[in-house]
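Structure assessment
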Amino acid sequence: MSLLIRGGLVVTMNDAFEVLEGDVSIRDGRIAAIASNIIAPHDRVVDARGGYVLPGLIQTHIHLCQTLFRGFADDLPLMDWLRKRVWPMEAAHTPASLRAATRLATTELLCSGTTTVLTMETVHDTDVVFETVAESGLRATIGKCMMDFDAQVPKRLQETTRASIDESLAIRARWDGQAGGRVRAAFAPRFAVSCSRNLLEEVASLSSRHGALVHTHASESKDEIEIVRKVSGGLANIEYLDAVHLASPHLCAAHCVWVDDSEQQLLAAHDVKVLHCPGSNLKLGSGIAPVPEMRARGITVSLGADGAACNNRLDMFEEMRLAAILQAMRLRPGVVSARDVLWMATRAGARTLGLEHEIGSIETGKRADVIVVDRDRPHLADARLLGPRQRRARDARGRRTPGRRLPARPDRSGRGHDRRPRGRPRARRPRRRCIMLAVSSAEC
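Here's a quick rundown of the structure. Source: prediction; values computed, not measured. (Residues numbered from 1 in each chain as written. Predicted model: local features only at pLDDT ≥ 70, side-chain atom pairs only at ≥ 80, totals over all residues. Heavy atoms only, no water.)

1. Some points on the overall build of the protein
Short version of the rule: A helix here means a DSSP run of H or I that spans at least four residues, while a strand means a run of E at least two residues long, and both kinds are numbered starting from the N terminus. Think of it in three bands: residues with accessible area under 20% of the maximum for their type are buried, residues over 50% are exposed, and the middle band is partly exposed, with areas taken using a 1.4 Å probe on protein chains only. Whether two residues are in contact is decided by their heavy atoms, any of which lying within 4.5 Å being enough. Only the protein chains shown count as cover for residues, and the accessible areas themselves come from Shrake-Rupley with a 1.4 Å probe.
Helices and strands together make up the secondary structure of the protein, namely 13 helices and 15 strands. Counting all 444 residues of the protein, 57% fall into the buried class. Taking the intrachain contacts of the protein between residues at least 6 apart in sequence as the baseline, contacts between residues at least 24 apart amount to 75%. For the protein, the accessible area works out to roughly 18,000 Å², and carbon and sulfur atoms hold 49% of it.

2. A word on the environment of Leu57
Turning to its location among the elements, Leu57 is positioned in strand S6 (residues 57-62). Considered as a pair, Leu57 and Leu110 are 53 residues apart in the sequence and their alpha carbons are 9.3 Å apart. When near neighbours in sequence (up to four residues on either side) are disregarded, Leu57 contacts Ser112, Gly113, Thr114, Thr115, Thr116, Met316, Phe317, Met320, Ala345, Thr346 and Ile371.

3. Here's the deal with the packing of helix H3 (residues 126-136) against helix H4 (residues 161-175)
Going by this rule: A fitted line through C-alpha atoms serves as each axis, taken over the contacting stretch for helices, and the angle formed by two N-to-C directions is quoted from 0 to 180°. Angles below 35 degrees are treated as roughly parallel, those above 145 as roughly antiparallel, those between 65 and 115 as roughly perpendicular, and all remaining angles as oblique. Handedness of each helix crossing follows the sense of rotation of the near helix against the far helix: counterclockwise by less than a right angle gives left-handed, clockwise gives right-handed. Note on residue classes: Ala, Val, Leu, Ile, Met, Phe, Trp, Tyr, Cys and Pro are nonpolar, Asp, Glu, Lys and Arg are charged, and everything else, Gly too, is polar.
Packing of H3 against H4 brings their axes to within 11 Å, and their N-to-C directions diverge by 25°. Viewed along their axes, H3 and H4 adopt a mutual orientation that is roughly parallel. The handedness of the crossing between H3 and H4 comes out as right-handed. Facing Thr126, Asp127, Phe130, Glu131 and Ala134 of H3, the residues of H4 in contact are Glu167, Ile171, Arg174 and Trp175. Taken together, the residues of the contact of H3 with H4 sort by class into 4 nonpolar, 1 polar and 4 charged.

4. Focus: the pattern of salt bridges
What counts is decided by this rule: Salt bridge, as applied in this entry: a Lys or Arg side-chain nitrogen positioned within 4 Å of an Asp or Glu carboxyl oxygen.
Enumeration over the complete set of coordinates arrives at 25 salt bridges. Here Lys273 ties to Asp271 by a salt bridge, and the two come within 3.4 Å at their closest N and O atoms. The partner of Arg321 in a salt bridge is Glu318, and the shortest N-O contact between them spans 3.8 Å. Here Glu318 and Arg321 lie together in helix H11 (residues 316-330), a separation of 3 residues that amounts to about one turn. A relative accessible area of 16% means that Glu318 is categorised as buried. Three or more residues are tied together by salt bridges with common partners; here these are Arg30, Glu358 and Arg367.

5. Some details on the environment of Asp125
Rules: Pairs of N or O atoms are called polar contacts if they sit within 3.5 Å, as long as, within protein, a hydrogen donor faces a hydrogen acceptor (for residues adjacent in sequence, only side-chain-to-side-chain pairs).
Assignment of secondary structure puts Asp125 in the loop between strand S7 (114-120) and H3. Take Asp125: its relative accessible area is 28%, and that puts it in the partly exposed class. Taking the C-alpha atoms as reference points, Asp125 and Arg99, separated by 26 residues in sequence, lie 9.7 Å from one another. Among residues more than four places away in sequence, those in contact with Asp125 are Pro95, Leu98 and Arg156. A polar contact of 3.4 Å, which involves the side chain of Asp125, links it to the side chain of Arg156.

6. Focus on the nonpolar core
Nonpolar side chains tend toward joint burial in soluble globular proteins. Applicable threshold: Take the buried Ala, Val, Leu, Ile, Met, Phe, Trp, Tyr and Cys residues and link them wherever side-chain atoms come within 4.5 Å; each set so joined is a nonpolar core.
Counting 75 residues, the largest nonpolar core has Trp81, Leu246, Leu267 and Met294 as its most contacted members. Counting 22 residues, the second-largest nonpolar core is a separate cluster that includes Ile62, Leu138, Ala185 and Ala308.

7. Things to note about the side chain of His63
You can see His63 is positioned in the loop between S6 and helix H1 (78-92). Exposure remark for His63: the relative accessible area of 3% places this residue in the buried category. Here the side chain of His63 touches His61 through a polar contact of 3.4 Å, side chain to side chain. Look past the residues within four positions of His63 in its chain and what remains in contact with it is Thr119, Met120, Glu121, His217, Asp306 and Gly307.

8. Brief notes about the side chain of Asp148
Basically, it comes down to this: His is not counted, nor are the chain ends; Lys and Arg add positive charge and Asp and Glu add negative charge.
Mapped onto the elements, Asp148 comes out in the loop between strand S8 (139-146) and H4. Salt bridges are absent for the buried Asp148, whose nearest opposite-charge side chain, Lys144, sits at 9.9 Å. In terms of polar contacts, Asp148 uses its side chain to reach the side chain of Ser196, at 2.6 Å. If near-sequence neighbours (up to four positions away) are discounted, Asp148 is found in contact with Glu159, Thr160, Thr161, Ser194, Cys195, Ser196 and Leu199.

Structure (structure tokens):
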């Protein structure tokens, strides 16, 4: 299949940060050409005039399984939030509810411009998540949550070390590389609080042997850090992950809000990837991560909304906005610019996943994970180029089939905006475009 995106302002996110007005040709799921006027015939044409053409956004910390928990775990700090709300709800999940949560999450993500995620699911029934994601068109690296230590975890989430490892390996054997390579499997020990040292050391060994990503939480809250110090013999969180040999380029550590200079040096020395979740950190009162300091050390910092239970939205544009303006308050305006957060949402996300040669920028030969953002909304009037702080996912509208556009506000009859009386001729009016079109390379 071939698709032509015509006439948009193409923000390539390549090394030179080139921006050009023109067309993007997609053939067999990859970007075939970028030029001012492509005349070759294509199976489908998307009119992007007046809009931005961007690489699909990449969220590197998500919990798809928590989408049904939105609004049910508010006004609590991290450990109470987990023990009183989220873990009991995860334990109550059935395959049917997991499928519903995943479908809702993938729809919300694709409709707001996210085309790739790194996600940690719950302990059980992870195959359902893989199946649903494979059907959705989303690109995802998925991990079965691993928990073998915390006695305050509900019984259904308690695993033995061996069972947790065996199931994670079996899932990897079944799913890694499926859906044309769009779906991959990671190891996902939840965090040091709920994982034994034996489990963490075994995951480190398996990650090295298989070249697999490890997705975990680290240094999110002060309470968590104190628990880790007790179980580790006085080590800080990142020091403990280093001691169990997890610190490596394969480690993806969510949050890293409370990391001091020595821990930042460890992160940089081992090329550990940091997953910044400003919205979640605000809701749970965890703090504000030292993002400029980590980036200055060469640490790859990408973005994620975390789960709907700890954010209430999966809106990457909101995460970009928060990532920039929180550092303006913490340090000074401009220390994290709009260009910086767009880089974090695309190129840094691709590098985190080890997919920098496949996604994250609009360049010939790369996968065609592309979004189109329309500027035809009041709050975007005179919006300056590359100003993600002005964009809102709730204005976005997308689809899971390339080129199909869903009505923004369908009426009860199912006819969308067309509510004219029968027999009256349709009035001619300017054609309106959707504000967001997500193009999945898997379907082009």
